Structure formats: structure tokens, C-alpha cells
Amino acid sequence: MESLGKGDTWVSVKEMMNTEYPVIHPDDSLKTALQLLSESKLDTLPVVNENFILVGVLPRRRIYRALLEGVTLDEACDGYIIRSPVVVNSDLSYDQISFIVRVNKSRVGTVPVVERDGKLVGMLGKLEYLRMSLTLATKTIALLESILGGIHSGIITVDELGHILMINHTAEEMFGLHYPEIRGLYLEEVLPQIPFVPELRLGIKSVVRSTPVIYNQVPIIENNRCSGVNYVFLDISDMEQMAQELEIVKNLQTTLNAVINAGSDGVFVVDTTGSLQFVNEVGAQLLDTTPDQMVGKPLVDYIPETRLDEVARSGVPEVDVCRIKGKSCISSRVPIRKDGKPVGAVGIVYRGDNMVTGEIARKWLSLQQQVKYYREQLERQGGSDQSNFDMIITVNEEFAHIKKEAQRVARSSSTVLLTGESGVGKDMFARAIHAASPRCRRPFVKVNCAAIPETLLESELFGYAPGSFTGALKNGKPGYFEQAHEGTIFLDEIGEMPLSIQAKILQVIQEKQFVRVGGTKTQKVDVRIIAATNRDLREAMARGEFREDLYYRLNVIEFSLPSLRARPEDIIPLAEAFIQKYNAILGTQVTGITSKAQEALKQYSWPGNIRELENAIERAANYVWEGDIDIEHLPKHILLQSGKASAEKSTYKDMLKEVDKEIILETLQKTNGNKSAAARMLKLSRSAFYEKLIKYGLSDYRPKSERPVI
């Protein structure tokens, strides 16, 4: 059987073929075939075998020929079948012209459609082709109308005599026309400015109905003759406006570039992929290159640690300290947004070659260190595998014994009472007990009973039910006891607790339950209570200010923490520990304490105990920044009490010399040892400045190694 070739059409055979058709078999009679032809109105019947495989076709004309030859209608069809008919494969497609030509060349008017294995699946003829052609023509017209309606240019089509056949919506809007009113009219009658000339003309500039336009006229050629003309109009009033706007933008860009390049800071602009869209001259100089070499390339190629691309994607601004080519810089990164979404980012690098930027960078580093330290401390709360007793420093035998006893008691759930002067470390001791207890993975909740107003203390401790009072949260609020469930609650300054609340605390200790303020439902709670006070609770009981029954419930296990005066051997170890702590927090590089300063610390009475000692070391670290803490870095009241202040006093003249020397040293540190810059900063002549250097033994001053900047 002959098969037609595959074409390049967008009309498929399966879309066109007729699937409602009769079939016959070779042994069927001519009468059966004639009846089926009459019922189906086909001119050809497909002939199949028992597997529905096509074996041939039987045209109507062959039956008529058989009858003219005198054959009876009962004769089998087998002898009149065309055995090698033209067929079409179901997976082929054809363009309209090639398909109809091939069908016309076949010996039958209807062509069978078969699968690759020869199985019959349909019939295809001129009727199916015409039906599909009508459908395609309808779709084409709709598509053409949609395209013409969506084009920004105005289009008018006329026939060979100049009558208007079609006008799109853009042309109607452009010239104030209405298609139904001008259809069939002469073009020159409607638009006298446009002469009807049936020839190709391009780029004609004109003014049509007060609208400046550029138009093309293109003849429509059909069968080698002009059957009409298409006019395409472009409204150049929009272009003139855009040109003006473009000129304004160019001027603004020139001004902006001048402003950006006039600054002393580097400016980088990237898109969301991190590709550089703009860099100013200063930014390129920081990287020893030029803007032309950088634009279009990833910023990470020049600054590997950059986070500007991350900001461009996340939309979250950042400020940080960085190092570029060995220079300390402050970098700010701000996202660029469009319609609320990040589309890029701007990075500004403030160079560290001036005193202000250097000082800001140092303070920024200090703040980063503080944040890092306090974050680590926060993460340790209620969840540290290391016992916090290791962080309680002492070489005092009495306090070491208390510490050992507390470690043993921590394993139980009994109530603990901590007493001692303010500042002796009761808070840290309570946290250490919690961290060493089986409850260490559960919450540790601290409540300062003296800091909460009496009117709010009950609701803060026990929570409140919904609608308990004006301003209460809609769903109520859990109190500190509920928050500490299965953990530890630390009641600091319990001696300041009102008597009305003491009764409820006693109930929680005894019954392990309470009722929220304004509520009716009993709340069960499992907490370990650690209480602390700097008051003498026995005296408070005698004055009726503290409940006796609560005292005995709290005082199951009591630890009386000694003051720092009672453990003078711990002063220096504690001070050294605080130096390490504030080196981590502030980013300082304090290395130790001079012997004079140590002596002053030992002789001071420390009424504020450990808290006061810590504050003194923090203050000294801020003053010395690097090196040893000396006596002049300590608070004045410590020197006065220790008797060292008078010993260190000198004449007024000596004090002026010391101040003068300190100012020069500080200035040299700020200028990184640059003596000329230091002289300019102090507004001294170079000769006068060098005389002072010789006078104070600073001629050979060298700056200490630069600390790394993160």
C-alpha cells in the first residue's frame, strides 16, 4: 500500500479524520457493501481482515461496474477490492495545499488512515479537509484580529481603489475614528493628509489630525497584482516625550555619577546574582582596578567574603566591619526594592585610613564581641552540660566547702535559701545549683521580688485568667511558676515579698498547686524553689514582716555566702577572671594587673562585694584597652581607701607632665605611630612635637601590632 509523506503542517491527520465509518470484509457481498455505502454516504469503503488490519478499499464505482457486467449482488467483494490503496499514517501531518494535492492524485476520493502496524483508525477525504480548513480560517481571523488589536502601531488597510477595509483599535484612538462610520470610505476622504499611492513607501513623516506620525505603506500583492495597501502608523509624540525623559535621566545620571565619585567612600551596586552593575572610582581604587574592568563581573571575584549578594536576595540590610586589601573598613549594605521585592543591593565601604573610621571600626568590633559573649551566655542558661560551679572561682577554704556542699545538694529537689550581702554572687550560685541538678535541661526562671510592684506581683508569679481585669490579655497569661514547670524558679530578694503573696508561695511549696488571678481552675506545677535575700529573715519575722511558716519551708537547706571581705585571697583570682571575661566582651587585650594595682585591690574593703569588683575591672579595661591594669586605671575611691592615692600624688607640675605625656601617647596610638599626623592633630609644629617626644622618652615609639578586624 502506498503511503503519503510527512509534511511540515500544523494540521494533524488525527484532527481531520472521520472516525464514524463502516467497514467490510473480503467475503462480504456486494449487496452489503452497497447498503453500507448508501447509509454512510461514503464513496469508498475500507476492507479489513479479522484483526482490523486494512487489506484494501472498495470504491462505489467498482460495484457499479460489476453490476453493469451482469454480476449479481450476492457476489463476494473480494474480486473487486483495490489491494494497494493510498493510505495516510495517523501520526503524520500536512499543510493544506500538499495534502489536497496528494488526495486529488489518488484513485479514490476518500483515503484510509492507519497506524504504523496497518490497523485502520479512520477515513480522510475532501469533506474532512474542508471542514478543518473552515475551522482554521476562523481561528486565523480571530488570531489576526487579536494581534492587530494588541499592536501599539496604528494599522489601516485599503483595497486597490483606496476604500477602507480595516482599521485597528490603535489607529482609531490615534486619529479619533470609529470603524463602522468610515468602513468603505476613501482613505483620502477620511485622512486627507495620507495620499493613496499603491506603492511601497517607508519612513514617511507627517502630521495626521494634529498627531505627529511616521508611517509605512506596503502594497498587498496577490497573484502578481496589487489588491490593496497596508498603512502602519507610529505616533512619534510618545517618542518625543520619551526622548525628553531620556535626556533628563541622562543628566541626572551624570550628576549622580559626579556626586558619587566625589565622595571618599567606595560604592558598589549588584543585582540578585551578585553581578556588579555599578562601582565608583573610589571603590575600584580600593581593589586596585577600574570600574570598566569590574562592571558585569561577580563582586565575589574581588571581595571573596562579601555578603552584598546575600543582602540583594534576602532584602535584609546589614552593617559590618571588614578588611579590603589589608585596610580596615566599615561596610553598610542596603537592599534595592522594586514593587516591594529586592532586586539588588548597594554597598558603601567607608575607608579606614582616617581617624574617625578607625575609631568606629574599633568600637564596632567591641560591640560585636559583646553580642557574641552575651549570646553564648544566654545559650548556656538552662541547658549547659558543664556545671556552672566550675565558673565560681575561690581559693577560700570556707567558701570552697560551701561550694562542695551545694554541688551535693543540687542533685535533690529540696528548697534552698541563699543568704548574704548584696553582690556576693547569690544569682550565680543559684544558676550553678540548677545547672548541676537533674532539672538542668528545663527552664531556669529568675524573679526579682523587689523589682515588681506589689499590685502586679501576684499576677506575674501565678498568671491570670482571661478577662480578669481591664487591659488583661484575651487568652490570659501564664505566670512565672508555670513558665518554670519541671525546672527551677529563683525568688531573689524574697525578704521584700509582701505578706499577702507569701501565703500563696507557701501553698505552692506545700501543695504544688495554685489558682491564677481571677481564675477558678487549679494549676498543678512541679518546680524547685531557690530563694535568696540579703536581709535577716529572723529579724523580719520578729517585726511581723515575714511569715514564720514560710521561712521554715524555705530554709530546708541554707547557704550563707561570705562577703568578699571575708575571702580576700579570692580578690586577685576573681579580678583576673573578670579580665578574661571583658577581653571577650569588649575586644580588649588586657594582659594582667600590676603589683601596685593588686595591692590597692587587696586593701580595699569592697562593700559592694563581687559585683563592685567586676565593675571596677570593667572600668579599668575600658581605660587601659591593652597591656596591664595599673593603679591609675582603678576608680579613685579605691585608691583613697587603700592609701595609695596620696602615695602616688605628685606636684602640680608633675601631674601636668603626666597628662601631657598621656595625650601624646593616645594621639600616637590613634595615628598608628605616624608622628607627622599626630603633630597635625595636636596642632603643634614638628619641631615642638619632636622636643616633647625626646622629653618624655617617646622618640622610639612604635605602635603595637594591629589587631585583626573581623
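Because the structure is predicted, anything quoted here is derived from the model rather than measured. (Residues numbered from 1 in each chain as written. Predicted model: local features only at pLDDT ≥ 70, side-chain atom pairs only at ≥ 80, totals over all residues. Heavy atoms only, no water.)

1. Details of the overall build of the chain
The following threshold applies: Starting at the N terminus, helices and strands are each numbered in turn, a helix being any DSSP run of H or I of at least four residues and a strand any DSSP run of E of at least two. Only protein chains enter the accessibility calculation, which uses a 1.4 Å probe. A residue is then buried if its area is under 20% of the maximum for its type, exposed if over 50%, and partly exposed in between. For this analysis, residues touch if any pair of their heavy atoms sits within 4.5 Å. Computed by Shrake-Rupley with a 1.4 Å probe, the accessible areas treat only the displayed protein chains as cover when residues are assessed.
Within the chain one finds 28 helices and 27 strands. Of all 710 residues assigned to the chain, the portion counted as buried reaches 42%. Taking all contacts inside the chain whose residues are at least 6 apart in sequence as the whole, residues at least 24 apart take part in 61%. Roughly 38800 Å² of accessible area belongs to the chain as shown, and the carbon and sulfur atoms make up 52% of that amount.

2. Digging into the sheet that holds strand β21 (residues 488–492)
The condition is simple: We treat two strands as partners when DSSP finds at least two bridges between them. Orientation is described by axes fitted as lines to C-alpha atoms, over the contacting stretch for helices, and by angles from 0 to 180 degrees between their N-to-C directions.
Strand order in the open sheet formed by 5 strands is β20-β21-β24-β19-β25, and the pairing between neighbours is parallel. Edge strands, defined here as strands with exactly one partner in the open sheet, are β20 (444–448) and β25 (557–560). Across the sheet, the mean angle from the axis of one strand to that of its neighbour is 15 degrees, orientation sign disregarded. Note: strand β19 (residues 416–419) against β25, 4 bridges, orientation parallel. The residue bridging L417 from the neighbouring strand is E558, located in β25. Contacts from helix α14 (residues 397–409) reach β19, β24 (528–533) and β25, with the element oriented near 155 degrees to β25.

3. A few points about the environment of L308
Among the secondary structure elements, L308 is positioned in helix α12 (residues 308–314). Judged by relative accessible area, L308 falls into the buried class, the value being 4%. With 39 residues separating them in the primary sequence, L308 and V269 have C-alpha atoms 8.5 Å apart. For L308, the contacting residues outside a window of four places in its chain are F268, V270, L299, R333, A345, V346 and G347.

4. Let's talk about helix α18 (residues 499–511)
What counts here: Multiplying 1.5 Å by the residue count of a helix minus one yields the expected span of that helix.
Along its 13 residues, α18 runs 19 Å from first to last C-alpha, staying within 8% of the 18 Å computed at 1.5 Å per residue. For α18, the set of buried residues is I501, Q502, K504, I505, L506, V508 and I509. Along its buried surface, α18 packs onto α16 (454–462), α17 (480–483), β21, β22 (513–515), β24 and α20 (548–554). Following α18 by one or two positions, K512 has its phi on the positive side, about 60 degrees.

5. Section: the nonpolar core
This is how it is decided: Put simply, a nonpolar core is a bunch of buried Ala, Val, Leu, Ile, Met, Phe, Trp, Tyr and Cys residues held in one set by side-chain atoms that sit within 4.5 Å of each other.
Judged by nonpolar contacts, the single largest core of 31 residues is most densely connected at L461, F481, L491 and I505. Of all elements in the fold, only β20, α16, β21, α18, β24, α19 (537–542) and α20 reach the threshold of two or more residues within this core. By residue number, the principal contributor to this core is α18, which donates 5 residues. With residues near it in sequence (within four places) discarded, L491 still touches V447, C449, L461, I505, I529, I530, A531 and A532. Core analysis: the next-biggest nonpolar cluster, separate from the first, contains 29 residues, I572, V624, I629 and L639 among them.

6. Overview of a nonpolar patch on the surface
Our working rule: Each patch is built from residues that are more than 30% exposed by relative accessible area and take part in no salt bridge. Like charges join if they lie within 9 Å; nonpolar side chains (Val, Leu, Ile, Met, Phe, Trp, Tyr) join within 5 Å. Within this document, salt bridges are pairs made up of a side-chain nitrogen of Lys or Arg and a carboxyl oxygen of Asp or Glu, the two lying within 4 Å of each other.
Residues I214, L234, M239 and M242 make up a contiguous nonpolar surface patch of about 320 Å² in total accessible area. As for its position among the elements, M242 is in helix α9 (residues 236–262).

7. Notes on the sheet that holds strand β11 (residues 201–208)
Pairing is antiparallel across the open sheet formed by 5 strands, whose spatial order is β10-β9-β13-β12-β11. Pairing within the sheet leaves two strands with one partner each, and these edge strands are β10 (164–167) and β11. On average, each strand axis in the sheet is tilted by 25 degrees relative to the strand beside it, whichever way the strands run. Of the strand pairs in this sheet, strand β9 (residues 154–159) and strand β13 (residues 225–235) are connected by 6 bridges, and their pairing is antiparallel. Looking at the pairing, G154 lines up with F233 of β13.

8. Describing the pattern of salt bridges
Scanning all chains against the criterion turns up 23 salt bridges. Two residues, E405 and R408, come together in a salt bridge whose shortest N-O distance is 2.8 Å. Placement of the pair is E405 and R408 together in helix α14, with a separation of 3 residues, close to one helical turn. By relative accessible area, which is 27% here, E405 ends up partly exposed. Classification of R408 as partly exposed rests on a relative accessible area of 40%. With its nearest N and O atoms 2.8 Å apart, the salt bridge here joins R547 to D549. Bridged by salt links that share partners, the residues E496, R535, E539, R543 and E545 form one connected network.

9. Concerning the pairing of β13
In this sheet, β13 lies alongside strand β12 (residues 211–222) in antiparallel orientation, the contact comprising 10 bridges. The residue bridging V213 from the neighbouring strand is D235, located in β13. Linking β12 back to β13 in an antiparallel pair, the connection comprises 2 residues, with N223 at a positive phi of about 55 degrees.

10. A word on unusual backbone geometry
With a phi angle near 50 degrees, R209 is a residue other than glycine that sits in the positive phi range. Residue placement: R209 occurs in the loop between β11 and β12. For E486, which is not glycine, the phi torsion reads 70 degrees and is therefore positive. Relative to the assigned elements, E486 resides in the loop between α17 and β21.

11. What about the confidence of the model for the chain?
Put simply, the rule reads: A residue's pLDDT is the confidence the predictor assigns to it, expressed on a 0 to 100 scale.
Of the residues in the chain, 85% have a pLDDT of 70 or more, and the chain-wide mean is 82. The least confident element of the chain, judged by mean pLDDT, is strand β1 (residues 2–3) at 42; the most confident is β19 at 95.

12. A look at the packing of α16 against α18
To keep things clear, this is the line we draw: Angles below 35 degrees are treated as roughly parallel, those above 145 as roughly antiparallel, those between 65 and 115 as roughly perpendicular, and all remaining angles as oblique. Crossing handedness follows the turn of the near helix against the far one: under a right angle anticlockwise gives a left-handed crossing, and clockwise gives a right-handed one. When residue character is reported, Ala, Val, Leu, Ile, Met, Phe, Trp, Tyr, Cys and Pro are called nonpolar, Asp, Glu, Lys and Arg charged, and the others, Gly included, polar.
Packing of α16 against α18 brings their axes to within 10 Å, and their N-to-C directions diverge by 15 degrees. When the interaxial angle is binned, α16 and α18 end up roughly parallel. By crossing handedness, the relation of α16 to α18 is classed as left-handed. Contacts from E454, L457, E458, L461 and F462 of α16 reach α18 at S500, I501, K504, I505 and V508. Partitioning the contact of α16 with α18 into residue classes produces 6 nonpolar, 1 polar and 3 charged.

13. Here's the deal with the packing of aromatic side chains
Let me state the cut-off plainly: Only centres within 6.5 Å qualify two rings of Phe, Tyr or Trp (six-membered ring in Trp) as a pair; their planes then separate them into stacked at under 30 degrees, edge-to-face at over 60, and tilted for everything else. Charge-over-ring placement is defined geometrically: NZ (Lys) or CZ (Arg) within 6 Å of the ring centre, and within 35 degrees of the ring normal.
Considering all chains together, one arrives at 14 aromatic pairs under this definition. Each ring, one from F462 and one from F481, has its centre 5.4 Å from the other, and the planes form 5 degrees; the classification is stacked. With F462 in helix α16 and F481 in helix α17, this residue pair connects regions lying 19 residues apart in the sequence. You'll find F462 and F481 in the same group, each marked buried. Between R567 and the ring centre of F399, over which it is positioned, the NZ or CZ distance is 4.0 Å.

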